[in-house]
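# An overview of the molecular structure
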Amino acid sequence: MGAFIEVTTAGLFHAAVLFLVAAGLQLVFGVQRILNLACGSFYALGAYCGVTAGSTALGLGVPPLLALPVLLLAGGAIAVLGPPVERVLRLVQDRDESLQLLLTFALVLMLQDAVRMVWGSSPRQVDGIYLAYGQVQALGARVPVWNLLVLLAALVVALGLGAFLKRTNFGRLLRATAENRRMAASLGVDTGRVYAVVFSLGVALGGMGGALVVPSSAATPEMAVELVVEAFAVVVIGGLGSMGGALAGAVIVGLLRAVALVVWPELELMAVYAVVVAVLLLRPAGLFGKPAA
Amino acid sequence: MSGGLRRALVALAVLAVLAAMPFALGEYRTTLLLPVFGYAIALLGINLLFGYGGLVSFGHAMFLAIGAYAAAVSGTVLRLASFEAALGLGVLAALAVAIPVGALCARYTKIFFGMLTLAFGMLFHSFLFRLYDITGGDQGLRVRRPTLLGFEFEDLDKTEFLIGPFYWYCLALAALLAWLMWRLVHSPFGLMLRAQRDNPRKAEYLGVEVARTRFIAFLVSAAYGAVGGAMLAVPTGLADPELAYWTHSGTLIFMTVLGGFAHFAGPLLGALTYVLLQDQLMTWTPYWRLVLGVVLALIVLGCPQGLMGLPALLRARFRPSATARPVPAE
């Protein structure tokens, strides 16, 4: 029982981070129809910003228990990159999808080296936060409190995002733009602003996901290209463009990896892809996706 | 002079210049040209899908890795010294993987196709990376020096072998495969492939079996990828899992766009330019990826037709009467 709970919470922790990144990916795809290969790069950037902010805060004497808001802010702060990057992506908005994909690949290359220039190539971590939060013991399991808090934070973000999209006026404009950009524009929606906000939000979500992992695992320049692969698995399983799909896909991928890591570590990623292939064969549009036109 | 004859003469002239290169360039520069041939062949295959078929694969590096590992396995495990055996094994292995993968992917286009191929490519990468006993894990497998057409070239050391017989062998193979690809894209099959790219529904009405056409193009490009991969592995002497990583697939598409995916010769020019550019940048700065990223962004934004499209673009800039309409591959 104890081991079961430990594996499940470890999987859900990973799922929470994956959900944040995948939600950003889905949001940008849903509205702008751009598949952002650089989603992982923003995740990495968020992680490194989290390293800097976290160690600075600890150095200034901020109690480690306040690390969660500090890291969330640091990861979210890279949203400032959103508007300028979106401005460049807009130049290829009406062009072939392959060109859009390539432009985001160019971003991957640039950001990977930009991170190396600023933070160097060696892994970076913030010590002292993970342990400060301690562990809870229940039913024979030891679960780090940090993992539970991240889970909670992701849940809050998911609910907040849902409320933002469904209940607010801007959310309505955003969904209208996703549905039909030209129609929305002709009804007076400032679609340029919507795009800028959506992309920045996507960047912020990825950045927060990255910032939340640095207390428990190190930030490396390779984490960007590694995460993209998992984020893609999440959105393929869940269905491209669907928020519910991102949530379901993230939980499936997170749990699957955690279980595979215990049962048969060699097959960790392969197990994820076996599910991807199975979903594609049985439900090509993903679990929550609309069938592709 | 007719267009066909002129093209043939240009191709022959380029071939003659390339064949003379080992005499004109030093050792280092000649070895630098070797990956160009491997990449050129792989890119010809990729451009069949991308330029002619309208399908962007972000998992094609997988087939290069298959070719490279086939070269390693045929030399070390199967004890087949012949390079032709390695190429044959690579093509067979690539087809064995491409048939199920292609059957699944050919149902999709655009972004879905890109994502799916990426997923399969990374599946293959994790297979190479994790199954240490079979694939050597992150260490990869050693590729032994092969014999070419049964000749061993015992009296040549490694560099002499590479810049001598192996160089001309690669050049000849690249020329042969380029000619075959030229015939293929100008055959009725090539026409069907372009038709499904421009308007799949209309092509279907006219009797083109769209999914099957895509599937066959996928198989051909997989085979070209394997041949290219085997050729890349001999000079480095190593088949390692990074060959299959998705960023390598991205680099392959980058090279294709750099040369110009709308032109038959674009991938060849792209392979040459990319290899030389990367080599030059790596001597200048450790942050060469950053520069390459900027180059890629500038090409996508300013010159999506690549280097082959540059003359038309400049003509349009200086003579407003001429139009630089983006033209898909013919």
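The structure this text deals with has already been given above.
Residues numbered from 1 in each chain as written. Chains lettered and ligands numbered in written order. Predicted model: local features only at pLDDT ≥ 70, side-chain atom pairs only at ≥ 80, totals over all residues. Heavy atoms only, no water.

Moving on, we come to the overall build of chain A. When helices and strands are tallied, chain A shows 13 helices and two strands. In terms of overall size, chain A behaves like a compact globule, its C-alpha atoms giving a radius of gyration of 19 Å where 293 residues would be expected to give roughly 19 Å. Dimensions of chain A, computed from the C-alpha atoms along their principal axes, are close to 60 × 50 × 35 Å. Taking all 293 residues of chain A together, the buried fraction comes to 55%. Relative to all contacts within chain A whose residues are 6 or more apart in sequence, the contacts with residues 24 or more apart total 77%. About 12,100 Å² of surface is accessible on chain A, with carbon and sulfur atoms providing 68% of the total. A gap of 12 Å separates the mean positions of the 17 positive and 14 negative side-chain charges of chain A. (Helix = DSSP H or I, 4+ residues; strand = E, 2+ residues; numbered from the N terminus. Rg over C-alpha atoms; globule rule 2.2 N^0.38 Å. Buried < 20%, exposed > 50% of the residue type's maximum accessible area, 1.4 Å probe, protein only. Contact = heavy atoms within 4.5 Å. Areas by Shrake-Rupley, 256 points an atom, 1.4 Å probe, with all protein chains shown as cover. Lys, Arg positive; Asp, Glu negative; His and termini not counted. Charge placed at Lys NZ, Arg CZ, Asp CG, Glu CD.)

Residues and elements named next belong to chain A. Pairing geometry for strand 1 (residues 135-138) and strand 2 (residues 141-144), over four bridges, is antiparallel. Residue pairing in the sheet places Q135 in a bridge with P144 of strand 2. Between strand 1 and strand 2, which pair antiparallel and follow one another directly, the connecting turn spans two residues, one of which, L139, has a positive phi of 50°. (Pairing = 2+ DSSP bridges.)

Turning to the pattern of salt bridges, a few remarks are in order. Charged atoms that come close allow side chains of opposite charge to pair. Scanning the model with the defined rule gives eight salt bridges over all chains in all. Measuring nitrogen to oxygen at the nearest pair gives 2.7 Å for the salt bridge that ties A:E86 to A:R90. In this pair, A:E86 and A:R90 both sit in helix 4 (residues 82-90), four residues apart, roughly one turn of the helix. For A:E86, a relative accessible area of 1% corresponds to the buried category. A residue is classified by how much of its surface remains accessible, and A:R90, at 27% relative accessible area, is partly exposed. Across the pair A:R257 and A:E230 runs a salt bridge, and its minimum N-O distance is 2.3 Å. You can see A:R257 sitting in helix 12 (residues 243-263) and its partner A:E230 sitting in helix 11 (residues 223-238), a full 27 residues away along the chain. With relative accessibility at 7%, the residue A:E230 sits in the buried group. Residues participating in the shared-partner salt-bridge network are A:D113, A:R116, A:E222 and B:R289. (Salt bridge = Lys/Arg side-chain N within 4 Å of Asp/Glu carboxyl O.)

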